[in-house]
Protein chains: 4
Amino acid sequence: MTKSPANPIPTPSVPAPDILRCAYAELVVTDLAASRKFYVDVLGLHVSYEDDTQIYLRSFEEFIHHNLVLTLGPVAALKAMAFRVRSNEEVDAAEAYYKELGCRTERRKEGFVRGIGDALRVEDPLGFPYEFFFETTHVERLHMRYDLYSAGELVRLDHFNQVTPDVPRGRAYLEDLGFRVTEDIQDEEGTTYAAWMQRKGTVHDTALTGGDGPRLHHVAFSTHEKHNIIQICDKMGALRISDRIERGPGRHGVSNAFYLYILDPDDHRIEIYTQDYYTGDPDNPVITWDVHDNQRRDWWGNPVVPSWYTEASKVLDLDGNVREVLKRTDSSEMAVTVGADGFSYTRAPGDAMTGDPGEEIGFKMGNQV
Amino acid sequence: MTKSPANPIPTPSVPAPDILRCAYAELVVTDLAASRKFYVDVLGLHVSYEDDTQIYLRSFEEFIHHNLVLTLGPVAALKAMAFRVRSNEEVDAAEAYYKELGCRTERRKEGFVRGIGDALRVEDPLGFPYEFFFETTHVERLHMRYDLYSAGELVRLDHFNQVTPDVPRGRAYLEDLGFRVTEDIQDEEGTTYAAWMQRKGTVHDTALTGGDGPRLHHVAFSTHEKHNIIQICDKMGALRISDRIERGPGRHGVSNAFYLYILDPDDHRIEIYTQDYYTGDPDNPVITWDVHDNQRRDWWGNPVVPSWYTEASKVLDLDGNVREVLKRTDSSEMAVTVGADGFSYTRAPGDAMTGDPGEEIGFKMGNQV
Amino acid sequence: MTKSPANPIPTPSVPAPDILRCAYAELVVTDLAASRKFYVDVLGLHVSYEDDTQIYLRSFEEFIHHNLVLTLGPVAALKAMAFRVRSNEEVDAAEAYYKELGCRTERRKEGFVRGIGDALRVEDPLGFPYEFFFETTHVERLHMRYDLYSAGELVRLDHFNQVTPDVPRGRAYLEDLGFRVTEDIQDEEGTTYAAWMQRKGTVHDTALTGGDGPRLHHVAFSTHEKHNIIQICDKMGALRISDRIERGPGRHGVSNAFYLYILDPDDHRIEIYTQDYYTGDPDNPVITWDVHDNQRRDWWGNPVVPSWYTEASKVLDLDGNVREVLKRTDSSEMAVTVGADGFSYTRAPGDAMTGDPGEEIGFKMGNQV
Amino acid sequence: MTKSPANPIPTPSVPAPDILRCAYAELVVTDLAASRKFYVDVLGLHVSYEDDTQIYLRSFEEFIHHNLVLTLGPVAALKAMAFRVRSNEEVDAAEAYYKELGCRTERRKEGFVRGIGDALRVEDPLGFPYEFFFETTHVERLHMRYDLYSAGELVRLDHFNQVTPDVPRGRAYLEDLGFRVTEDIQDEEGTTYAAWMQRKGTVHDTALTGGDGPRLHHVAFSTHEKHNIIQICDKMGALRISDRIERGPGRHGVSNAFYLYILDPDDHRIEIYTQDYYTGDPDNPVITWDVHDNQRRDWWGNPVVPSWYTEASKVLDLDGNVREVLKRTDSSEMAVTVGADGFSYTRAPGDAMTGDPGEEIGFKMGNQV
């Protein structure tokens, strides 16, 4: 049973904007050349535009101007996470919605970045710099340009993942905003450790991970097949940057996707992700995972490295200042699961599959270095 | 520079037998039903014959009677590791060869197990129960029976891996026996931690891993593609036996193969392996890895779990008694690499790839739980 | 420029129902045992329910009761093609919509088949038996049941494809109904040969193929990866039913998906399909292919077999009688493209890629047996 | 029952050379720039050396200097097909062997091409320009250079395929030379249409295809996985050279490999090939296919285009003159199988798999355009 939030964010009287999907992230990076090596030379994202201060990148199948903007700046951080809405009228709706919430908003008819027109940026109730837009420059969709197809090709932007101290509070706010929860992680007391929410009919367009926030946990791109992700690992090995592979590859429990987490030169976390499932029906069953289920984060029971729980990117306010980070007060997922806490399990006792007696439950983490 | 062994095994005056390839292993298991679940229901190996005390299994592309014999017994152990030779005359050659070495040998014209004819078993100088045979019952090669092809199909037996205290000593013995080294792991003093040796033109038919021995480290089967190995992990997750996934999946540095290590109900270790390279030319370049190279065991720098270094299967002598295990005296690979010893590296200092200053060398293991 | 239809279907004054996606097809088959062999033993679809007269099947990731109903009957035909709508109110909307169109409709609160509740069936203006429903029994979503995952696993229902004489007329009707065109095939005079239309954000939920109709061209299921489709071919080869592989595998030009067409025991055509692209944005660019482009139907220029153009399944009216088929009056795609008509092309003249002079345009079809 | 050749080639009294594997082909091309586009830009082979008259190429996993030499010349042809032997002494053995056969031979201590030392070239009894060598310059083995790994990467040279009028005669000659037959195609009278022969433990290092000869049918490179071959098709589609895809992709009956045939700018045929099986045991079972088996050439029953049977590359003698082509006198495979001859079959009558009555045997070819 999900606990309702202590100090809920009010539900506005005006309708929420009709959000299509997560569309692009603007990341501040401190060394544009190093970032270009990582995103263009290593990951093979396609350049829509670049100059001395910015690089605009898109995935193989994208037709809007970009999925990622790298902006040179003094402090590595998330400057904006942008959602595309159905029309300009929905940008108006977003503006009215956040004004009623008492959030600071900024509207620019000419857009905040190249290739995007009329757009709204807000400091949302969780402290994240959300953008809403419809207008965009169409660029060549490269989806049949197999002459440009790399062995580890990134074909779509899949989702964002945000770190926030109070997940139920953030979840209720995003449900008001029109997102639908597909999966979450809870414990027996109903403490929610993370929640996944979607608009475009996949497992998520964004997710909330419980922790000190507001911070950006990662931005995720998808590939066509699993071997494409393996190639990215192999290539990073060949380039002797395997230490930038933070976690994986593996199979998620939550989302059922095949995944990999890597770190860019500024430690912005990028997930490579493939093959989750369709969630577009209104009665799509929500899957709740037990935080003590050893396969929830990795279906194969491989351990989550602590950095994945503790590290994340700072976020900026509309003035470009780093937002203060608030501590999570609920118990942390890492504290209740990692290491020899004895509370995680792989299966119920007595399972005969391995011929084990069963009273000792299989559990890999304690075996890890 | 490889150190020559302290007390070398003498080179016989008679020619070594002409070995074709690793052919099958006979494993003693303590619960035949549990083992059948693992090898037949989970891994999908094909039954050539079974009764109340034995199960004979083969891989998808095999035409000899079996690649694995599971024999019910009181203590889990390796009873025999069998190599196929070019003819019965080569079995004679093997007999003469080991008699000159002063090893205990046993010759059975009717074979030691079903489906195998005239065969020799020996207690070899390293204490392993080697078998040599040519005669075998041909069975249906299932290589085009795609109606029987499972998503994680094991198509060939690829190799054995043996644990022995003195790797250079064992290596020289196996080179005399006709094996060719393809890769090894050494340190700057020339201590050898492991060596890979082949007959059939792949990276190995058997390998020597430095440690307390004689013990069997693992038996390896190969798949066609990488996704087949991922499916085995996914299936073990679905069966809630993910704790039987010991290590991987990953990309080996040594051999360049994609790999997975899993444990059977008796803790016999099975590797699933795919896509190494051709080594059949006499001047095939030997690759020597620095034991401190953080990518030697996993090209992506993922850590090796300690159990992989310390645990292995007992081996039996020709009377069926468990062989005594001798301690390794050289430094162990685990001791010099695992954890925060600070002696392992991912790349040379100053690499600009990630924009790191470089004086701090990327190294993932210390980050692991 | 698309020609507007001669005798258009009027646009109702009431709103169109909010369609979520294509949901299931009901096919009449003449030998239930033979059909079960094909759909369950060969293709591995999962049985939700079966008795002596019907088999209900679903794909690996589905949570509604079924994607395919096989109903025993005297004449092989399509009995219904069903779309899921957002709520029961949308079933009401569909009823009002088709009543205004003067179509025969039938509403059943208890549903027409098991696992489906309140539903509407209509004889639509093109003569197809459409069903609209929301209520359904939820079944176990098997998406993580990798213990049941076959090497050629079908994971989702992807789309339908309908044969109709006047494509522009049908296209306008379906656009009124809320479908959005993603791609089409036209010639220089604007004759439309086929059109693809979507609701769920993929390339299509249904498509119109120009030809004698109303007839069902095929029902398509998707796989995770391309190798899954190759396995289905390999398995059909092993079962010696390769003559039931009608066309492919190949890469579509239209949709960019990897595809295969096979025939069930009643010659109902099934497509296996994977990896098209996201189309959910309202300004998703429509791709129009030249009917003379030799890569439009197969990106590799492999020929389309004539049966693929000429053969299709009959459809039934609400009384279960076979609908009369009307002839196509526009020129047929087969006539203008297949064989040595000299009007198809692979590339523009003068392309230096192959070192060809270029005045003779590469064209494979004439070379075929 | 294989017919013995009419006028057999005598078996020399001296031992045959110990051949390791097929090593490289030297092809004369008429436009070096166009050939470079094809082999380097499209196929991604790696350049070991190039100048204005030659390009030396190798596959991803190769360590000898090259697998393919493109030599500029007036007439497109095969200049040499080279096999690597175990040592220089084996080059001597080859020289003695062919001298006894009365063949014209030429020995060059410095080699015939760059990167190769002491070598013998011969005009062999079938009229082919064979080369035998051991000495070669070792180059960087790129097998872990995943930073250079393309989506359609060619990782090894797999085999040659030669067209000769009298297959049994050529087969007996190659068996004397030490090749072992793995598979062949015959009819009920014992006419042999083709034979596959190996040295390195795969299905073949070279094959004989019945037809007017001596001509080179193709040179084959292998990939790691099937999707790599699909990418080559997709890329050729994107480059609008799909008409250079002659046949496939498909699954071979013979060899069980996944295949593709493409044509270079001079119409030299290249096969891309992956996943055949191990054949290194002396008692490896030979598979004989019925020429009327509709799945022998393509396991899925897809038709062979006539050009694949009729077209092949000319071969040169040691003076660089084009060899005269002798007509095949036995019936041709194309004549007895292609089109509506009614003599080919997919399965035995009465097969219930599809619910067919069975007296009409499934057969796809007649349906093709």
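Residues numbered from 1 in each chain as written. Chains lettered and ligands numbered in written order. Predicted model: local features only at pLDDT ≥ 70, side-chain atom pairs only at ≥ 80, totals over all residues. Heavy atoms only, no water.

Under an unreviewed UniProt entry, chain A has the name 3,4-dihydroxyphenylacetate 2,3-dioxygenase and belongs to Paeniglutamicibacter terrestris.

Asks: Outline the overall build of chain A, listing residues and values.
Replies: A tally of regular secondary structure across chain A gives six helices and 17 strands. Radius of gyration (C-alpha) of chain A: 20 Å, near the 21 Å computed for a compact globule of 369 residues. Dimensions of chain A, computed from C-alpha atoms along their principal axes, come out at roughly 65 × 50 × 40 Å. The 369 residues of chain A split such that 69% are buried. The contacts of chain A with a sequence gap of at least 6 include a subset with a gap of at least 24, amounting to 69%. Put simply, chain A shows about 11300 Å² of open surface, and 50% of that area lies on carbon and sulfur atoms. Counting 39 positive and 60 negative side-chain charges, chain A places the averaged centre of each group 3 Å from the other. (Helix = DSSP H or I, 4+ residues; strand = E, 2+ residues; numbered from the N terminus. Rg over C-alpha atoms; globule rule 2.2 N^0.38 Å. Buried < 20%, exposed > 50% of the residue type's maximum accessible area, 1.4 Å probe, protein only. Contact = heavy atoms within 4.5 Å. Areas by Shrake-Rupley, 256 points an atom, 1.4 Å probe, with all protein chains shown as cover. Lys, Arg positive; Asp, Glu negative; His and termini not counted. Charge placed at Lys NZ, Arg CZ, Asp CG, Glu CD.)

Asks: Give me the lowdown on the side chain of D:Glu61, citing residues and values where you can.
Replies: On the secondary structure map, D:Glu61 appears in the loop between strand 3 (54-58) and strand 4 (68-72). Polar side-chain contacts of D:Glu61 include one of 2.9 Å to the side chain of D:Arg156. Among the polar contacts made by the side chain of D:Glu61, one reaches the side chain of D:His224 at a distance of 2.7 Å. Those residues in contact with D:Glu61 that sit more than four places away from it in its chain are B:Asp276, B:Tyr277, B:Tyr278, D:Arg141, D:His143, D:Val155, D:Arg156 and D:His224. (Polar contact = N/O pair within 3.5 Å; in protein donor to acceptor, adjacent residues only side chain to side chain.)

Asks: How would you sum up the interface of chain D and chain A? Please name residues and give values.
Replies: Across the contact, 14 residues belong to chain D and 14 residues belong to chain A. Summed over both partners, the interface of chain D with chain A comes to about 1000 Å²; 65% of that surface belongs to carbon and sulfur atoms. Of all residues in chain D, the largest losses of buried area upon contact with chain A belong to D:Tyr146, D:Asp147 and D:His227, amounting jointly to 41% of the total for that side. Counting the contacts that link chain D with chain A gives zero salt bridges. In this structure, the connection of chain D to chain A is made through two residue pairs in polar contact (both at pLDDT 80 or more). (Buried area = accessible area lost by both parts, 1.4 Å probe. Salt bridge = Lys/Arg side-chain N within 4 Å of Asp/Glu carboxyl O.)

Asks: Please provide a residue-by-residue account of the sheet that holds strand 7 (residues 119-123) of chain D, values included.
Replies: Residues and elements named next belong to chain D. The strand order across the open sheet built from eight strands is 2-3-4-1-5-8-7-6, with neighbouring strands paired in mixed fashion. Each edge of the sheet is formed by a strand with only one pairing partner; in this case those strands are strand 2 (46-50) and strand 6 (105-108). The average angle at which neighbouring strand axes cross in this sheet is 20°, direction not considered. When strand 2 meets strand 3, the two strands line up antiparallel, connected through four bridges. Counted as the bridge partner of Val47 is Leu57 from strand 3. (Pairing = 2+ DSSP bridges. Axes fitted to C-alpha atoms, helices over the stretch in contact; angles between N-to-C directions.)

Asks: Pulling in residues and values, what's your account of the relation of the copies chain D and chain A?
Replies: Both copies of the chain are placed relative to one another by a rotation about an axis and a shift along it. Of the transformation placing chain D onto chain A, the axial shift is 0.0 Å and the rotation is 180°, giving an RMSD of 0.0 Å. What we have between these two chains is a two-fold relation. In terms of C-alpha distance to the rotation axis, chain D has D:Ala151 as its closest residue, with the C-alpha 2.0 Å off the axis. (Least-squares fit on C-alpha atoms with pLDDT ≥ 70 in both.)

Asks: Outline the environment of B:Asp317, supporting the account with residue identities and numerical values.
Replies: All names here are of chain B. Tracing the backbone shows Asp317 in the loop between helix 5 (306-310) and helix 6 (333-337). With a relative accessible area of 16%, Asp317 lands in the buried category. Each residue touching Asp317, except ones within four places of it in the same chain, is listed here: Glu123 and Arg323. Here the side chain of Asp317 touches Asp319 through a polar contact of 2.8 Å, landing on its backbone nitrogen.

Asks: I'd like a rundown of the sheet that holds strand 3 (residues 54-58) of chain A, residues and numbers included.
Replies: All names here are of chain A. The mixed open sheet is built from eight strands, whose spatial order is 2-3-4-1-5-8-7-6. A strand with exactly one partner marks an edge of an open sheet, and here the two such strands are strand 2 (46-50) and strand 6 (105-108). Each strand of the sheet is rotated relative to its neighbour by a mean of 20°, with strand direction disregarded. Sheet topology note: the strand 1 (residues 19-29)/strand 5 (residues 77-85) ladder contains eight bridges and is antiparallel. From the neighbouring strand, Ile19 faces strand 5, where its bridge partner is Val85. Contacting strand 5, strand 6, strand 7 (119-123) and strand 8 (129-133), helix 2 (residues 88-100) crosses the sheet at an angle of about 160° to strand 6.

Asks: Would you mind going over the UniProt feature "domain: VOC" (unreviewed entry) in chain A in detail, with residue names and values included?
Replies: Residue and element names in this part refer to chain A. Per the UniProt entry, the sites bearing "domain: VOC" (unreviewed entry) are residues 21-135 and 156-275 in this numbering. The span residues 21-135 is 21% helix and 41% strand, and its two end C-alpha atoms sit 14 Å from each other. The span residues 156-275 carries 19% helix and 46% strand; its end-to-end C-alpha distance comes to 12 Å. (UniProt positions renumbered as here; feature names shortened; annotations may be inferred.)

Asks: Describe the pattern of salt bridges, with residues and values.
Replies: All chains considered together, the criterion is met by 132 salt bridges over all chains. Here C:Asp118 ties to C:Lys109 by a salt bridge, and the two come within 3.2 Å at their closest N and O atoms. Judged by its relative accessible area of 4%, C:Asp118 is buried. A residue is classified by how much of its surface remains accessible, and C:Lys109, at 53% relative accessible area, is exposed. Taking the shortest distance from any N to any O, the salt bridge between D:Arg323 and D:Glu123 comes out at 3.6 Å. Here D:Glu123 lies in strand 7 and D:Arg323 lies in the loop between helix 5 (306-310) and helix 6 (333-337), a separation of 200 residues in the sequence. Given a relative accessible area of 24%, D:Arg323 falls into the partly exposed group. Here the residues in one salt-bridge network are A:Arg21, A:Glu62, A:Arg84, C:Asp281 and C:Asp283, joined through shared partners.

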